[in-house]
Every structure is written in C-alpha cells, then in structure tokens.
Amino acid sequence: MRTRHFSPSSPLHSSTTSNDSPSRHTTFSQTLMEDTINEAGAIIKKWDLDTSSSTSYNRVANLFRDHREEALKFLDAVTNLQHGMHFVIKECSSSELLVQAQNLMQIAMKRLQKEMYTILSGNRYFLDSETLSTRSSRQSTRSSVSDEDEYDDEITNTEVSPRASEVEIVSELVMANLKALADCMIGAGYGKECVKIYNLNRKSVIDETLYYLGVEKLTSSQIQKMDWEMLEKKTKNWLGAVKIAVSTLFHGEKILCDHVFSASDAIRETCFSEIVRESAITFFSFPEMVAKYKKLSLEKMFTVLDLYNSISELWDEIELIFSFSSFEIVKSQAMASLVKLGEAARLMLSEFESAIQKDTSKAKAGGGVHPLTRYVMNYLVFLGDYSGAFAEIIGDLPLSVQSPLPESYFMSPIPDEDDSPSSAVSVRLAWLVLVLLCKLDGKAQLYKDVSLSYLFLANNLNYVVSKVKKSNLKFLLGSDWLSKHEMKIRQYISNYERMGWNKVLTSLPENSTAEMSSPEAREWFFKFNSGFEEAYRVQSLWVIPDPKLRDEVKISLSRKIVSGYRIFYEKYRESLRSGGVKSVIRFAPDDLQNYLSDLFYGTGQSEQGTTAFGSASPSESISTLSSPSHGR
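All of these numbers come straight from a predicted model, not from anything done at the bench.

Parameters at a glance
- For every chain, the first residue of the written sequence is number 1, and numbering continues from 1 along that sequence.
- pLDDT decides what is reported in this predicted model: residues at 70 or higher carry local features, side-chain atom pairs at 80 or more are listed and counted, and totals for whole chains, interfaces and linings draw on all residues regardless.
- In computing side-chain values, all of the structure's heavy atoms are included and hydrogens and water are not.
- Numbering of helices and strands starts at the N terminus; helices are DSSP runs of H or I of at least 4 residues and strands are runs of E of at least 2.
- Buried, partly exposed and exposed residues are distinguished by accessible area as a fraction of the type maximum, computed with a 1.4 Å probe on protein chains only: under 20%, between the cut-offs, and over 50%, respectively.
- Contacts were defined at the residue level, with two residues in contact if any of their heavy atoms lie within 4.5 Å.
- Calculation of accessible area relied on Shrake-Rupley with a 1.4 Å probe; when residues are assessed, cover is drawn exclusively from the protein chains displayed.
- Using a 1 Å grid laid over the protein atoms alone, points where a 1.4 Å probe fits but cannot get out form a cavity; open sets with protein on both sides within 12 Å along at least 5 of 7 lines form a pocket; any residue with an atom within 4 Å of a point counts as lining.
- Grid points are joined across faces, edges and corners, and a volume is the space filled by probe spheres set on the points.
- Under this grouping Gly is polar, as are all residues other than the nonpolar Ala, Val, Leu, Ile, Met, Phe, Trp, Tyr, Cys and Pro and the charged Asp, Glu, Lys and Arg.
- One confidence number per residue, pLDDT, is output by the predictor and ranges from 0 to 100.
- Fitting a line to C-alpha atoms yields each axis, with helices limited to the stretch in contact; the angle taken between N-to-C directions then spans 0 to 180 degrees.
- Roughly parallel here means an angle under 35 degrees, roughly antiparallel means over 145, roughly perpendicular means 65 to 115, and every remaining angle is called oblique.
- Crossings are assigned a handedness: left-handed for a near helix turned anticlockwise from the far helix by less than a right angle, right-handed for a clockwise turn.
- Salt bridge, as used here, is a side-chain nitrogen of Lys or Arg placed within 4 Å of a carboxyl oxygen of Asp or Glu.
- Only buried residues count toward a nonpolar core. Its members are Ala, Val, Leu, Ile, Met, Phe, Trp, Tyr and Cys residues joined through side-chain atoms within 4.5 Å.
- Here the expected span of a helix is defined as 1.5 Å times the quantity of residues minus one.

Regarding the overall build of the protein chain
So, step 1. In terms of helices and strands, the protein chain carries 27 helices and zero strands.
So, step 2. The buried share among the 632 residues of the protein chain stands at 49%.
So, step 3. Partitioning the intrachain contacts of the protein chain with sequence separation of at least 6 by distance along the chain shows that 80% fall at a separation of at least 24.
So, step 4. As displayed, the protein chain offers around 30,600 Å² of accessible surface, 52% of which is attributable to carbon and sulfur atoms.

Some remarks on empty space enclosed by the protein
One water molecule sets the probe size; rolling that probe over the atoms shows where empty space is left.
So, step 1. Enumeration over the complete set of coordinates arrives at six cavities of 30 Å³ or more.
So, step 2. Taken as a whole, the second largest cavity spans an internal volume of roughly 50 Å³.
So, step 3. Element by element, the count of residues in the lining of the second largest cavity is highest for helix α12 (residues 228-260), at three residues.
So, step 4. Looking at the lining of the second largest cavity, its residues break down into four nonpolar, two polar and two charged.

Some words on the confidence of the model for the protein chain
Note: predicted coordinates in regions of low pLDDT should not be interpreted at a detailed level.
So, step 1. Confidence along the protein chain averages 80 in pLDDT terms, with 75% of residues attaining 70 or more.
So, step 2. Taking the mean pLDDT of every element in the protein chain, the minimum, 30, falls on helix α27 (residues 618-621) and the maximum, 96, on helix α20 (residues 450-469).
So, step 3. Across residues 1-22, confidence stays below pLDDT 50; counting only partners more than four residues off in sequence or on other chains, it has 27 contacts.
So, step 4. Under a pLDDT of 50 for its full length, residues 403-411 has, in the predicted model, 18 contacts with residues more than four places off or in other chains.

Section: the layout of surface pockets
So, step 1. One number sums up the size of the second largest pocket: a volume of about 440 Å³.
So, step 2. Along the wall of the second largest pocket there are 18 residues; nearest its centre are Asn462, Ile489, Lys548, Leu549 and Glu552.
So, step 3. Every element with two or more residues in the lining of the second largest pocket is listed here: α20, α21 (473-500) and α24 (547-572).
So, step 4. By residue class, the composition of the lining of the second largest pocket is five nonpolar, four polar and nine charged.

Concerning the packing of α24 against helix α26 (residues 589-597)
So, step 1. Look at α24 against α26: their axes get within 9 Å of each other, and the N-to-C directions meet at 165°. By the angle class used here, α24 and α26 are roughly antiparallel. Here α24 and α26 pass one another in a crossing that is right-handed. The residues of α26 that touch α24, namely those facing Lys554, Leu557, Ser558, Val562, Tyr565, Arg566 and Tyr569, are Pro589, Asp590, Leu592, Gln593, Leu596 and Ser597.
So, step 2. Looking at side-chain class alone, the contact of α24 with α26 contains seven nonpolar, three polar and three charged residues.

Some points on the pattern of salt bridges
So, step 1. Tallied over the entire structure, the rule returns 24 salt bridges.
So, step 2. A salt bridge links arginine 268 to aspartate 265; the shortest N-O distance between them is 3.0 Å. Of the two residues, arginine 268 and aspartate 265 both sit in helix α13 (residues 265-291), three residues apart, roughly one turn of that helix.
So, step 3. Measuring nitrogen to oxygen at the nearest pair gives 3.7 Å for the salt bridge that ties lysine 340 to glutamate 343.

Quick look at unusual backbone geometry
So, step 1. At phenylalanine 600, a position not held by glycine, the phi torsion is positive, near 75°.
So, step 2. Within the secondary structure, phenylalanine 600 sits in the loop between α26 and α27.
So, step 3. Phenylalanine 600 gets classed as buried once you look at its relative accessible area, which sits at 0%.

What to know about the nonpolar core
So, step 1. The biggest cluster of nonpolar side chains holds 176 residues, and the ones touching the most others in it are Phe261, Phe322, Leu380, Leu383, Trp501 and Phe532.
So, step 2. For this core, the element with the highest residue contribution is helix α19 (residues 423-444), accounting for 13 residues.
So, step 3. Phenylalanine 532 has contacts with Trp501, Val504, Phe587, Leu592, Tyr595 and Leu596, leaving out every residue within four places of it along the chain.

Thoughts on helix α9 (residues 166-187)
So, step 1. Between the first and last C-alpha of α9 there are 32 Å, a value that for 22 residues agrees with the 32 Å anticipated at 1.5 Å per step.
So, step 2. A positive phi of about 90° marks glycine 189, the residue just after α9.

Next comes the structure, spelled out in structure tokens:
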C-alpha cells in the first residue's frame, strides 16, 4: 500500500471547518504530521546503516537490486518526510518534530548515497557507452515518460524495446534506479552529495576507458622528444580511439548524465562537464601537438591528414555532444587541432612541390619510368584519397610555381561527377602533375639521342595516366584531362618512331614493287641492313615497362618496317641468290619480327642470350624464337 502524501495545501489539511478553533486546527495538523513522519521513519530506520534497529542483513543488502518494492517504499517515505518537514517549518519551526525529521533525513540520505555508489560501481558493464548509445537511438522513437511519479514509473514500468537484448534491459533498469535516486536526493536538498558520488565514479570510467583505448596524457615536451616510430604508434592508437571516444564514450556519458539528472538542467551540465571536460581537452590536444612536431617530413603528410580527417568528419557530433557553454574550451581545442593540422599539411604540400622542382637526379637509363615519377604519382594517389580533407585544407591557397611550359599545356581538369569535391582539389592535383611533367621535360633534354628523350617522355606520361586511371584521381581530374594526356602519349610515341627508325624507314624504296637492277636492289638491302642493325643495337638497352604500351609500339613498328620490307624481300630474293643471298639479304621478314619482339625489355640481349649480328645467320639464331614473353 502506498504511503499518503500530505502537504499544507492538501484537501485533508483544508477540510477543517471555520468553526474549529486555531488550537484544534494546529493540534490536528501536528498530529497528522507526526503520524506522517513516524510512518516514514519506520521505513527509513529499517534500512539504517548504523543503528541496531535494522538487521545485519538490511545493513549490507542492496536495496535497489534485491528489494525493488522496498526501494519504492523507501523513496516514498523520503518524499513524505520531506513534505512533512516543509509543513512543520511553516507551522512551527521550533517543533521537536523538525529535529526528528532532520535526523531521519540524514539516515535516509546516507542510505541513498550507499545505494548510488553500489549501483554505479556494480553496474559498469550495463552502463557502458555502446549500450547507452543504442538506448539513445531507441529512445528517439519512444514517447516521453510522464513527469508525475516519474521515478516510480521508471522503476516499475520501465519501457523496453522488444528487440532489446538482456544487457539493454538491465541497463534500462539501472538507469531508472539512478534517476530515481538522483531525483529523490536532489528533491531533498542533497544534490551536492549525490553529484559528488556520481562524478567520482563516472570520471574514473572515462579515464580508464581512454587508457584501455591506448590514449595517454602527454605533454608537448614529451611529444617533441619522441622519435617518429614511437609517435606514429601513439598516433595510430589515437586514430583507432577517436570514433569510439566521441561517438560512443563521450556521447554515451552525456546520454547517461542527461537521463539521471533530467530534473535539473544546471546539475546535468555541471555534472557532465566535471566528468568529461578535462579528459576531452587532453584528448583533442594530441593532434595539435603532432601538428607541431618539429621532425615532420613529406612522408608524414598522410598521418597529418588522417588526424585532420578524423576530427573533421566528427565535427557535427563534437558540437552536439559538447553543446553546453562550459564546453567551449573543448570545442576550441578541437578546432585548434584542426587549424594546426591544416597549417602543417599546407606547409608539407609546399615542400612537396618545391622538392619536385629541386630534384637533381639524372634521367633514367634506357628511357624508363623515372623514380621521381613513381614517387610523385604514388604521393598524389594517396592525396586523392583525402579529397574531402584536402579541399578544406588548401582552400584558396595560391599556386606558387610558374610553369615554363606554354599556357595552353595547362589543361584544367573537369571532374566527371557533379558531387565531386571542390574544384580547387582537382586544379591543385593537376598543377602538381604539371610541375612533375615540366621537370621530366627538362630531364628528357639530357639524353643525347632525341628519339630516346621522346620514349622517356612517353613512358613517364603513360605511367602518370595509368596511375590516374586506377585511382580516385580519375574522378578528380576527369575524362577530358585523361583524353588529352593520352593523346600526348601518342604524340611522343609517334615522334620516337619517326626519329628512332627514320634511317630504317628511308632505306627502302618508296615503291617496293618498282623494277630495278640486281645491283640497285643489292644496294637497297645493304642500306637497310646497316640501318636496322644500328637502330637495333642502339635500342637494345631501351625499355618500355608497360606491357600494353610495349606491345602497341611493337605492332606499330612491325607495320611500318616489316610490311614494306616483306614486299621488297619477296620480289628480289630469288634474283639475288646467285650473288650470295646470305651476305646480301641478312634478314628474312620473320627475323625482323623476332628482333622487334625482343626490344624494349632493357636487357640488351635476346631471350636466347645473343644479339650480336653475324655471330650466326639470322635464320639460325633468331628463327628459333617464338614470340618471347619477357617479364620486367
């Protein structure tokens, strides 16, 4: 049976008639209040932690865990006692009943403090942040609980989703108990004691969780003294923890605080602030300290971008969780980290661009892909994966280098996707590619053989285009950019073929079927032999690393050289036999095909181990080769 609630304005209090004398009215009210206080006292003393009036079991028992109905009666008793005290103060502040009630209230609060501590310390598993976050998503679709007899409803009618797990069910109940305790203690004027117990327990939970996530409290001095390997390890720990810390740990703690202290906005703000603020400031200061690390280099750009990205992506949640005015310092720290990380990234980007320009390495032997090309494009591929953060960081950062190439060469990219990142990212990436190509153009001029310089440019631009096609750069630079640069590759190859094989192509008559004397035909064969042997010998160390481009060049050369030679060869082979065909006609068409097939691997030798013309007849040494499949 529920204990009655009495207050000065209750119907029972006002039911006395006007004929009652003041003394009778006062005596009746005091008797009523005395009964109320005595009834409340009987329940409270039953669970007294100190006196012998309560059994030893009651002193050690967990009231809310083991005796839910008794817990409900106890809270009712405290509420009734509080009402009675208010009445006595109003009617007769010197009454001995007030002293009695005050003693009972202290006994009750001591018990409730123990219950608060027991629930908090014994149910950490059921108050973990992930469970609380799950509860929050369910609560958003649930109607709010009536404020009337709120803690009673929380305990006896806790709503639980049919899909809730056993852990979530227990969590709901634990939270309801904490809220009922907090409401009761705050209502009785013991909010300070309640908050103290709550804060000490929950703050330790935050600190321990961050510790287990690998997040340490470090100073700027400690950071500067670390070698990069150690700092990188700690950065990885932080990156692994940031999503959990913000979306689960801090968010879950706010949910719990908002629920337990929903009766007072001021208390829930103060409580959440005291529990989380120091840890949050420490947590968000780490990225700023990394950004100020004196030993940052180009290779560390992506660690900086990872840190920037992690805060940027969670910014909306950070603002929502730390919405109280007392958390401005937390948001300021998170923003300071973003700003410093952005500055560090911009500085490294400038250094990257400068490093490309200042590169003094020589051109690649054989015209292959230069190490600078590989390094720059791998770097840009990674940058393309950070297009969102990259767009925020570079903003209106001006292009700092003037290109030595004509303005028409700078082809501004047009991203294919309407929802692509800011065009500033696309233009910046296209500019960095252009800086690279300008540098490669200068290196190409160092080759003594002009045809090799064109092969070098074709190989390197082909590598650039290939990297773009296979990465996020494809969407950032766009199909138009790709088409124009693929056309440039074809131009380079065309120039290479024209200049590298011109002597061979001009060593055959324009009309291979035209009639001529045997001496004239013999002269053409000698001229062709000399041209082809020289071209092959020079180019036997040249390389085309990309198999697709290599095959395309071989097919193109075959069409230009072998096809015309075959007609001339078939027409005059028989007529020159009497003159010693082996000394005049050194190459059969199939021999030429085999020689061409063996080019562009950069080995300087055929798969069979020889390229020396004259070491054996072409028919003997080369006809044994099928289509060689070289690896590189």
